Amino acid sequence: SQKIEQNSEALNIQEGKTATLTCNYTNYSPAYLQWYRQDPGRGPVFLLLIRENEKEKRKERLKVTFDTTLKQSLFHITASQPADSATYLCALINNDMRFGAGTRLTVKP
Amino acid sequence: GAVVSQHPSWVICKSGTSVKIECRSLDFQATTMFWYRQFPKQSLMLMATSNEGSKATYEQGVEKDKFLINHASLTLSTLTVTSAHPEDSSFYICSARGPSGGGNEQFFGPGTRLTVL
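These notes cover the structure that comes with them. Only a predicted model underlies this, so the values are computations on that prediction, with no experimental measurement involved.

What counts, and at which threshold
Residues numbered from 1 in each chain as written. Chains lettered and ligands numbered in written order. Predicted model: local features only at pLDDT ≥ 70, side-chain atom pairs only at ≥ 80, totals over all residues. Heavy atoms only, no water. Salt bridge = Lys/Arg side-chain N within 4 Å of Asp/Glu carboxyl O. Helix = DSSP H or I, 4+ residues; strand = E, 2+ residues; numbered from the N terminus. Buried < 20%, exposed > 50% of the residue type's maximum accessible area, 1.4 Å probe, protein only. Contact = heavy atoms within 4.5 Å. Disulfide = S-S within 2.5 Å. Pairing = 2+ DSSP bridges. Axes fitted to C-alpha atoms, helices over the stretch in contact; angles between N-to-C directions.

Focus on the pattern of salt bridges
All names here are of chain A.
Moving on, step 1. Following the criterion strictly, the structure yields seven salt bridges over all chains and no others.
Moving on, step 2. The partner of Asp-39 in a salt bridge is Arg-37, with the nearest N and O atoms 3.1 Å apart.
Moving on, step 3. Arg-61 is paired through a salt bridge with Asp-84; the nearest N and O atoms lie 2.9 Å apart. Taken together, the positions of Arg-61 in the loop between strand E6 (56–59) and strand E7 (62–67) and Asp-84 in the loop between strand E8 (72–77) and strand E9 (86–93) put the pair 23 residues apart, joining distant regions of the chain.

As structure tokens, this is what we get:
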């Protein structure tokens, strides 16, 4: 069966460090992979999209990699700030869109 | 940017009543809207895909007679939870597929917290 796993339920890091979140999937061949941010009690907010033929995408302090051989995407936030604290969701898209359970990131000052 | 709104943002109802949730795309036309349900600390689970002017497509295990979806216009989709029970209490989120060129980007509403007593 299809499975999307995000590395850990929670990740705590110190302000200024780089946060790295992992999204692994099995039995799925996504055409796209997206990362979203979700704050408590709010809907997800789109951050980045990466296509299956792209290795890496950057946007300001964010970087996403996509390895279709490993079936894995890494999401990096450099120079992290307390305001980056949120739950981050990966979503895989082919004919439909499937979400991982999310990783709750806490950046401590 | 593309904005999606939901109304109400929260609702509390008695068991057995029906609740309607509206999802609107405010500044773009959305031929396709999606309804998700999210339980605490869990992932968003797709309930149904709603296409304007046609019947919604429901995911396996989602009762179409219980969760009525109407996509009457290019900017409005409604989800009605009929005869709600406490186990229907959840966070309901809609999304709309973005304007052309978005590469399958979806814009999400702020969500509706449903509590059934």
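Topic: the environment of Ala19(A)
Residues and elements named next belong to chain A.
Moving on, step 1. Relative to the helices and strands, Ala-19 resides in strand E3 (residues 19–26).
Moving on, step 2. A residue is classified by how much of its surface remains accessible, and Ala-19, at 0% relative accessible area, is buried.
Moving on, step 3. In this structure the C-alpha to C-alpha distance between Ala-19 and Ala-79, which are 60 residues apart in sequence, comes to 8.4 Å.
Moving on, step 4. Apart from the residues within four sequence positions on either side, Ala-19 is in contact with Ile-13, Phe-75, His-76, Ile-77 and Leu-105.

Section: the state of the cysteines
A covalent bond between the sulfur atoms of two cysteines is referred to as a disulfide.
All names here are of chain B.
Moving on, step 1. Across all of its chains, the model carries two disulfides over all chains by this definition.
Moving on, step 2. The side chain of Cys-23 participates in a disulfide bridge whose partner is Cys-94; the two sulfur atoms lie 2.0 Å from each other. Disulfide Cys-23-Cys-94: torsion about the S-S bond near 80 degrees, hence right-handed. Of this pair, Cys-23 sits in strand E3 (residues 19–25) while Cys-94 is found in strand E9 (residues 90–97), placing the two residues 71 residues apart along the sequence.
Moving on, step 3. Residue Cys-13 stays outside any disulfide, its sulfur separated by 18 Å from that of Cys-94, the closest cysteine.
Moving on, step 4. Residue class for Cys-13 comes out buried when judged on its relative accessible area of 10%.

A word on the sheet that holds E6(A)
Residue and element names in this part refer to chain A.
Moving on, step 1. Strand order in the open sheet made by the five strands is E1-E3-E8-E7-E6, with antiparallel pairing throughout. Looking at which strands have only one partner, the edges of the open sheet turn out to be strand E1 (3–6) and E6. Adjacent strand axes in the sheet meet at a mean angle of 15 degrees, parallel and antiparallel pairs treated alike.
Moving on, step 2. One ladder, built from four bridges, connects E6 with E7; its direction is antiparallel. Across the sheet, Glu-56 pairs through a bridge with Thr-65, a residue of E7.

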